[in-house]
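What the coordinates show
Below are the chains, spelled out letter by letter.
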Amino acid sequence: MPIEFARAALAVKVVAAVGTVVVMTACSTPATSDTTVDFRSRALTRSEGSVTVRVAVLSASESASLYGQQLAKKALQPVWVEVTNGEDRPYFLLYPGLDPNFFPSSEAAEAFSGGESRDERVKTSERFGQLAFRNPVPPGQTVSGMVLTNLEEGVKLIQLDLAADGRTRVFSIFTVVPGFRGDYHASAVFWREVYPPEAIQSFADDEAFRSALEALPCCATNSDGSRNGDPLNLIIVGGLDDAFPALVRRGWRPTETKWSGAIIRVVSSALSGERYLNAPVSDLYLFGRPQDLALQKARDSIHQRNHLRLWLSPMRYHERPVWVGQISRDIGSRLTIHSPTLTTHKIDPDVDEARTALAEDMAYSQSLTMVGYAPGVGPAAPESPRGNLTTDPYYTDGDRLVLVFDQRPVSLAAIRFFRWREMDTRRGAASGFGR
């Protein structure tokens, strides 16, 4: 009975919150077009050959100001693209690369034509058309404009495929959507200095790298480091231009911070049984700080998901950043006194399964170049499992999955395995993905 009462109380709070939002929305005035929106100042730039691209994802308020319509309410998200062509032939931007289900400007304008006069409909159509990106990009010229994509929260992987006669230029750009309260520390994600130069350890030798990975702590901890939590069973080598785009390409999304809006959405999703693509995760600690980045891959409901936490380490492998991580699979929810919210997800005790599933998932990301396993967690048998901070049991063979990513497209046949002698002896050279 107390549990049912608590659920009912939470439901009332959710309904009240939703009602407040509805009232605020109903009282808001329609957006007016504004050509001074300053999204270009945060545009990301990439170059290949003599082609340079700049991209920016517009927030809901920016798109409303620019278009004079509430695009986000119809799940539309403009992506601004600028292409400077310094080569000898025209290029064409392939819109389906940004979104296979992109919206032509004429279709999007039509979605806002209801209730407008004929003159208003003409103006809306003209404005949407004027803002659109237009092919081709002639030699020696710059073309910019909007491509209308489906709305995404948190982060967006912008895939720009430019085709010319006998030549292509391809860019995969990972960008954060403005206004999202992500569970990440910008200093780590965007490569501001996290560690002093003298603290950085660089590895080019695979055996030395394996030894360094083995020497890492076995597990994440609580805030004061007095208790071990989930095993640190994941190593990712790469960053904004390779590893993160690969994860987003395979459906991984950043989690939100535990702010009031996210908590309300958690409760609402739990009551409705719906998915929540960016549901928060609890904090675990390594290097004296909570995770620098948390990602999840949602399943059928908020009770089921794969999730991982990452910490930027002071290590570099072939001058590329090394992240230490923890991955597990949530298979349900339960009450607990070990969480401030009195609820927690229940993890699949076979944490190696989630670890191996990630390796197989990333094999299809087109960016995974190397995979292997390094010791360091320490084995725990099913008959004598360890427990995490919320007392969920888990068992493991004790290894850490190591994934190395590259910007260039990588086929399944081109993925290589680390040939660490200990691992080859114990697992066999053919078992690179670990099942």
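Higher on the page you've got the structure.
Residues numbered from 1 in each chain as written. Predicted model: local features only at pLDDT ≥ 70, side-chain atom pairs only at ≥ 80, totals over all residues. Heavy atoms only, no water.

1. A short note on the pattern of salt bridges
Test applied: A side-chain nitrogen of Lys or Arg and a carboxyl oxygen of Asp or Glu constitute a salt bridge if their distance falls within 4 Å. Runs of E in the DSSP output that reach at least two residues are strands. Runs of H or I that reach at least four are helices, and both are numbered from the N terminus. Accessibility here uses a 1.4 Å probe with only protein chains present; expressed as a share of the type maximum, an area under 20% marks a residue as buried, one over 50% as exposed, and anything in between as partly exposed.
Per the counting criterion, the structure on display carries 20 salt bridges. Of the charged contacts in the structure, one is a salt bridge between Asp88 and Arg89, with a shortest N-O distance of 2.9 Å. Of the charged contacts, one joins Arg167 and Asp88 as a salt bridge, the two residues approaching to 3.5 Å between their closest N and O atoms. Taken as a pair, Arg167 in strand S7 (residues 167-176) and Asp88 in the loop between strand S3 (76-85) and strand S4 (92-93) lie far apart in primary sequence, 79 residues in all. The exposure class assigned to Arg167 is partly exposed, which follows from its relative accessible area of 25%. Exposure remark for Asp88: the relative accessible area of 56% places this residue in the exposed category.

2. Points about the nonpolar core
As a reminder of what qualifies: Definition of nonpolar core: a set of buried residues of the types Ala, Val, Leu, Ile, Met, Phe, Trp, Tyr and Cys, connected through side-chain atoms within 4.5 Å.
If you look at the biggest cluster of nonpolar residues, it comprises 34 residues, and the most contacted ones within it are Leu234, Phe244, Leu247, Leu308, Leu358, Met362 and Leu403. Counting residues in hydrophobic clusters, the runner-up holds 23 residues, among them Ala212, Leu213, Ala220 and Ala374.

3. Remarks on the sheet that holds strand S5 (residues 142-150)
Using the following cut-off: Any two strands between which DSSP finds at least two bridges are classified as paired. Only C-alpha atoms enter the line fits that serve as axes; for helices the fit covers just the stretch in contact. Angles between N-to-C directions range over 0 to 180 degrees. The contact rule is simple, with two residues in contact once any of their heavy atoms fall within 4.5 Å.
Spatial ordering of the open sheet is given by S1-S2-S3-S5, a layout of four strands whose pairing is antiparallel. Because the sheet does not close on itself, it has two edges, and the strands there are strand S1 (44-48) and S5. In this sheet, adjacent strand axes meet at a mean angle of 20° when their direction is disregarded. The sheet contact formed by strand S2 (residues 51-57) and S3 spans seven bridges and is antiparallel. Residue pairing across strands places Arg54 opposite Glu82, the latter belonging to S3. Here helix H2 (residues 60-67) sits on the sheet in contact with S2, S3 and S5, set at roughly 120° to S5.

4. Topic: the pairing of S3
The element S3 is largely enclosed, with a buried count of nine among its 10 residues. Direction of pairing for S3 relative to S5: antiparallel, over a ladder of nine bridges. In the strand pairing of S5, Val81 is matched with Gly145.

5. A word on the sheet that holds S4
The strands that make up a sheet pair up through hydrogen bonds in the backbone, lying either parallel or antiparallel. Taking strand neighbours across the sheet as the criterion, the three strands line up as S4-S6-S7 in an open arrangement whose pairing is antiparallel. The two strands at the open ends of the sheet, each matched to only one other strand, are S4 and S7. The sheet contact formed by strand S6 (residues 155-164) and S7 spans 10 bridges and is antiparallel. Opposite Ala164, over in S7, you have Arg167 as the bridge partner.

6. Some points on the side chain of Arg169
The following threshold applies: Pairing of N or O atoms within 3.5 Å defines a polar contact, subject to two protein rules: one partner must be a possible hydrogen donor and the other a possible acceptor, and residues neighboring in sequence count only if both atoms are side-chain atoms.
Mapped onto the elements of the fold, Arg169 is located in strand S7. By relative accessible area, Arg169 is classed as buried at 16%. Reaching out from Arg169, the side chain makes a polar contact with the side chain of Glu48 at a distance of 3.5 Å. Not counting residues within four places of it along the chain, the set of residues in contact with Arg169 comprises Glu48, Gly49, Val51, Glu87, Tyr91, Leu160, Asp161 and Leu162.

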